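Examining the three-dimensional arrangement
Spelled out from the first residue to the last, the chains are:
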Amino acid sequence: MATDLGAAEAALARRDPGAAEAAFRRAFEAADATAEQRARALDGLVAAAIEGGRAGALAADLEQRRAAAPRDQQAALLAALVRTCKARDGHFHAILPALEKDTQTAAPAARRLLQEVQAGTAQMERSVKRLGAELALAAEQQAREAARPKGLSRLTRPAAVPGVGQPSRPDYAVQAQAYAPPPRQRLRVPAELPRVPLPQVPRARLDAPQAVTKPPAWPRPTSARLAAAFFTQAYQKATELAGEGLVESAKAEYATLMQLFPDTPQAQQAARYALGLFQRERILAQGGDPLGAYLQWIRAVLGPKGSDYAEHLGFRSLAGDADPAVLAREAEEFVKRYPDSKYGPGVRLQLAVALDRTGATPRAIEVLQPLVSPIDDEPRVRAARILAWLYLFQGEAAAARGVLEALAAQTTDPDAAAEARRTLAALAANPLPKLTIAEVVGAGDPDEVFSARLLDLADQCLQRNDGERAVDLYELYLRVARESQGFRAVRDRIQRIKRTGRADEE
Amino acid sequence: MNARVRTAGRGWRVCAAALCLLAAGGLGAAEAPAPEKKGPEPTPAARAMAALEERLAALRKEGTGFALRGRYEALLTDASAAAEAHAADPAAAAAHLVVARCCEALGKHPEKEAAFERYIDALMARSRDEAAAALRAESDALVARRELFAATKLLRLMLAKFPDGPEAAWALYRLGTCHLLMDRFEDAAAAFGEVLTRWPEGPAATQARLRLARAYLAQGRHAEAIAMLEAGLPKEADAPLRDALLFDLAMARYLSRDYYGALVGFQRLVREAPSSPYAPLARAGVAKLRSDLLNRLSASENK
């Protein structure tokens, strides 16, 4: 498939639109084509047809395809149809009825396109009207000039109104006089002119012709320019809307861009900016479920086809503060939707950690086990390290040892291998006790629980007049609980105790 | 003027006391009470010291405000005179203490330190135990008021007076804690190290070990802290402060990013001291360790 597309793009680059169109059509109709390849093929097909002057035939073909295509392909086909009609007719009028019809079926892509086309059409109509007026004025002036008699001045022209005689010549008419130029002086040329040396100009040297680097086949200038222009417009609008507090409308701007130009760098950038809006909402709302909201939104925007990149962005940016149960659910959904995604291993790691936090450690181990054979790249190395630690926390030292030995033997990362060997040595020197106390703390953020218990114990020591031990524990608190709630107030209290020896402020 | 009034007052009080005594004598002759057993008559020096102490107590009850400066100055003059007058008497120590307290109230710290040293010398002449107890009480009071610099000077004085024995161990340990509170970790580590070197089995050794670990951790010397705590861990399961040592050892490993060692340490504490107040903390430590580790390993993709 990739070779077909490559050949088609090569044909388009060497200005062979017939061959390019046929190749793109084959790629577009191939049964095993992915969504991205199909979008590339459709884009190339439109470009080749326009290049070959077959826009009319392609428009009819696209109309037929739209009738039979599933809903997730409608947006791309509609965008292609708009481009084709514009190339065929030179204007957008022909596509307006189709867009209005699609708008009635509540297709957001069609609605956006219709707005753009209507805006473009109105502008074009104004331009055409202005041009017509200018042409009419020019024609009128031309006709007036043509109607004027030739060779007659204002004075010699017959009177326009009968009965009024010709004006008489005035008395002070200028009399023409002959004018004789002064005689020319003869110049004497010397017999021999002095020789002046000519300046020495360095002769041009012929250099070897430089190799011309051809622009890459993708993205083609047409689609790239269109997407870039649309992106700039959408970004400006969205920024303005978000500044006015209309965040949903700002998101809709980015959604339109992603629907019109899926699988382009601009769509990825739009997804990033939309994610920024979700993050801003999270900060303003102080909580909520931004990960779930973002993923729900992006799936609604991009339809069943979706985009693993856009969804993976959400996991990368919003998973840290997400509820482990929500994170586990969404990550499982991602793994189901995109089983072959290149972002799959990273999301699987997050899934395993979320499952472990919800108490489903055996399931987390099941998720990680397929990732650690072989351990040949960075996500697999991390998966192996997490798996080994999960085994250790479960008290299964033998299984942990097996994973660590495989990691030390297989990875090319020297740091990871060294750490695995260190842990193996520590395991051999100091075997893990059989006792497992992993789930004894219960619900709650482990950091908060630890910080609270440490502070309680320190306060107890202070009440028992064991001020030195209390300060020991307070110092530990200051080291390990920087992220805990109310840290600043506790830090000030500890400083006060150290400074005055008293916990109260007086 | 004031001196004259005070002298006149004192004269009147003396006359009144004499009259009372005479009256009591007259009454006694009339009623003929049973003879009482009396202790040895207090020496003039002791009486003078008691009067000074009484005045000092009354003044301190009123406070140390600016309005009282004159009275403190007067007491200081009287106490200095009494100390000189009864220099040979062991009771003169109280006069030095009164001088020291007056200097303290007046903000004359160098004079206070000199007077307190004279007080300690006088006590040493009488009893070393009394001197040691006075030094301990004074240094504790200074530390409680967080007058740490003065406390370190006093503890050095104590070390000079008691270069060996339990008093020296106590003074060195206390000096280390003062340095810790002043964030002088090098000096603190030196003091605690000396305590552990000279009195490895002494009563202050375990506490010194815990404080030395704190000083090392504050300096980022994790490996030294771990080695010192491991070496000092008592074999007996019921040894005092063993749970604290185990907890600090696990935390030192955690801070040095030896996560496996920290996990083993927390589990060992829970297993060996399940009823210790540190056991719930160790359980929470395991959960925190797990959370930190998994977060770190799963989040490194974002970097």
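What you are looking at is a predicted structure, and each value in this text was computed from that prediction instead of being measured.

This brings us to the overall build of chain A. Secondary structure summary: chain A contains 21 helices and zero strands in total. Taken across its 506 residues, chain A has 31% of its residues classed as buried. In chain A, once contacts between residues fewer than 6 apart in sequence are set aside, the share between residues at least 24 apart is 51%.

The number of helices and strands found in chain B is 14 helices and zero strands. When the elements of chain B are put in sequence order from the N terminus, they spell out α-α-α-α-α-α-α-α-α-α-α-α-α-α. Burial status across chain B gives 39% buried among its 303 residues. Considering only contacts within chain B whose residues lie at least 6 apart along the sequence, 45% involve residues at least 24 apart.

Another aspect to go through is unusual backbone geometry. Of note, the bond from serine 373 of chain A into proline 374 of chain A is cis; its omega dihedral lies within 30 degrees of zero at 0°. Positionally, proline 374 of chain A belongs in the loop between helix H15 (361–368) and helix H16 (378–393). The backbone phi angle of aspartate 183 of chain B is positive, close to 60°, even though this residue is not glycine. Looking at the element boundaries, aspartate 183 of chain B is found in the loop between helix H8 (166–181) and helix H9 (185–198). With a phi close to 65°, arginine 257 of chain B is a non-glycine residue in the positive phi region.

Turning our eyes to something else, we now look at helix H20 (residues 467–480) of chain A. Taking 1.5 Å of rise per residue, 14 residues should cover 20 Å, and H20 of chain A covers 20 Å from first to last C-alpha, within 8% of that figure. Along H20 of chain A, the residues classified as buried are Arg469, Ala470, Val471, Asp472, Leu473, Tyr474, Leu476 and Tyr477 of chain A. Turning to H20 of chain A, the residues buried within the fold contact helix H19 (446–463) and helix H21 (487–500) of chain A together with helix H10 (205–218) and helix H12 (242–255) of chain B.

All names here are of chain B. Between H10 and H12, the least distance of the axes is 11 Å, while the angle of their chain directions is 10°. Between H10 and H12, the angle falls in the class roughly parallel. Across the interface between the two elements, Arg209, Leu210, Ala213 and Leu217 from H10 touch Ala244, Leu245, Asp248, Ala252 and Leu255 from H12. A breakdown of the residues in the contact of H10 with H12 according to their chemical character gives seven nonpolar, no polar and two charged.

Moving on, we get to the interface of chain B and chain A. Contact with chain B, which involves 37 residues of that partner, is made by 40 residues of chain A. When residues of the side of chain B that touches chain A are traced back to their parent elements, those giving at least two are H8, H10, H12, helix H13 (259–272) and helix H14 (278–299) of chain B. Ranked by residues supplied to the side of chain B that touches chain A, first place goes to H14 of chain B with 14 residues. Residues of the side of chain B that touches chain A, tallied by class, amount to 19 nonpolar, nine polar and nine charged.

The subject of this paragraph is the environment of tryptophan 170 of chain B. All names here are of chain B. Structurally, tryptophan 170 is set in helix H8. Taking the C-alpha atoms as reference, tryptophan 170 lies 9.0 Å from proline 203; in sequence the two are 33 residues apart. Sequence-distant contacts of tryptophan 170, defined by excluding residues within four places in its chain, comprise Arg136 and Ala204.

Residue and element names in this part refer to chain B. Relative to each other, H9 and H10 sit at 150°, their axes nearing to 9 Å. In terms of axis orientation, H9 runs roughly antiparallel to H10. As for how H9 packs across H10, the hand of that crossing is left-handed. Residues Phe185, Ala188, Ala189, Phe192, Gly193, Val195 and Leu196 of H9 form the contact with H10, whose participating residues are Ala205, Ala208, Arg209, Arg211, Leu212, Ala215, Tyr216 and Ala218. Taken together, the residues of the contact of H9 with H10 break down into twelve nonpolar, one polar and two charged.

Turning our attention to the environment of phenylalanine 334 of chain A. All names here are of chain A. Tracing the sequence through the fold places phenylalanine 334 in helix H13 (residues 324–337). Accessibility expressed as a C-beta count within 10 Å gives 24 for phenylalanine 334, which makes it buried. Along the primary structure phenylalanine 334 and glutamate 311 are separated by 23 residues, whereas in three dimensions their C-alpha atoms are 7.8 Å apart. In contact with phenylalanine 334, not counting residues within four places along its chain, are Glu311 and Val347.

Attention shifts here to the confidence of the model for chain B. Do not read the predicted coordinates in detail wherever pLDDT is low. Residue and element names in this part refer to chain B. Per-chain confidence: chain B averages 84 in pLDDT, with 85% of residues scoring 70 or above. Ranking the elements of chain B by mean pLDDT puts helix H1 (residues 2–31) last with 39 and H9 first with 95. For residues 1–33, every residue scores under 50 in pLDDT, and the model assigns this stretch one contact once sequence neighbours within four places are set aside. Both scores are available for the predicted complex, with the pTM at 0.61 and the ipTM at 0.79.

Every α-helix carries 3.6 residues per turn, so stepping three or four residues along brings you back to the same face. All names here are of chain A. Between its terminal C-alpha atoms helix H9 (residues 247–260) stretches 20 Å, which fits the 20 Å expected from 14 residues at 1.5 Å a residue. Most of H9 sits out of view: ten of its 14 residues are buried. Listing the buried residues of H9 in full gives Ala250, Lys251, Glu253, Tyr254, Ala255, Thr256, Leu257, Met258, Gln259 and Leu260.

Glancing now at the environment of leucine 263 of chain B. Its location among the elements puts leucine 263 of chain B in helix H13. Residues leucine 263 of chain B and arginine 253 of chain B, ten residues apart in the sequence, show an inter-C-alpha distance of 8.9 Å. Here leucine 263 of chain B is in contact with Leu392 of chain A together with Val286 and Leu289 of chain B, once residues within four sequence places are set aside.

Cut-offs applied
- Residues numbered from 1 in each chain as written.
- Chains lettered and ligands numbered in written order.
- Predicted model: local features only at pLDDT ≥ 70, side-chain atom pairs only at ≥ 80, totals over all residues.
- Helix = DSSP H or I, 4+ residues; strand = E, 2+ residues; numbered from the N terminus.
- Buried ≥ 20, exposed ≤ 12 C-beta atoms within 10 Å, placed from the backbone.
- Contact = placed C-beta atoms within 7 Å.
- Expected span 1.5 Å × (residues − 1).
- Axes fitted to C-alpha atoms, helices over the stretch in contact; angles between N-to-C directions.
- Parallel < 35°, antiparallel > 145°, perpendicular 65-115°, else oblique.
- Nonpolar A, V, L, I, M, F, W, Y, C, P; charged D, E, K, R; others polar.
- Left-handed = near helix turned anticlockwise from the far one by under 90°.
- pLDDT = per-residue confidence, 0-100.

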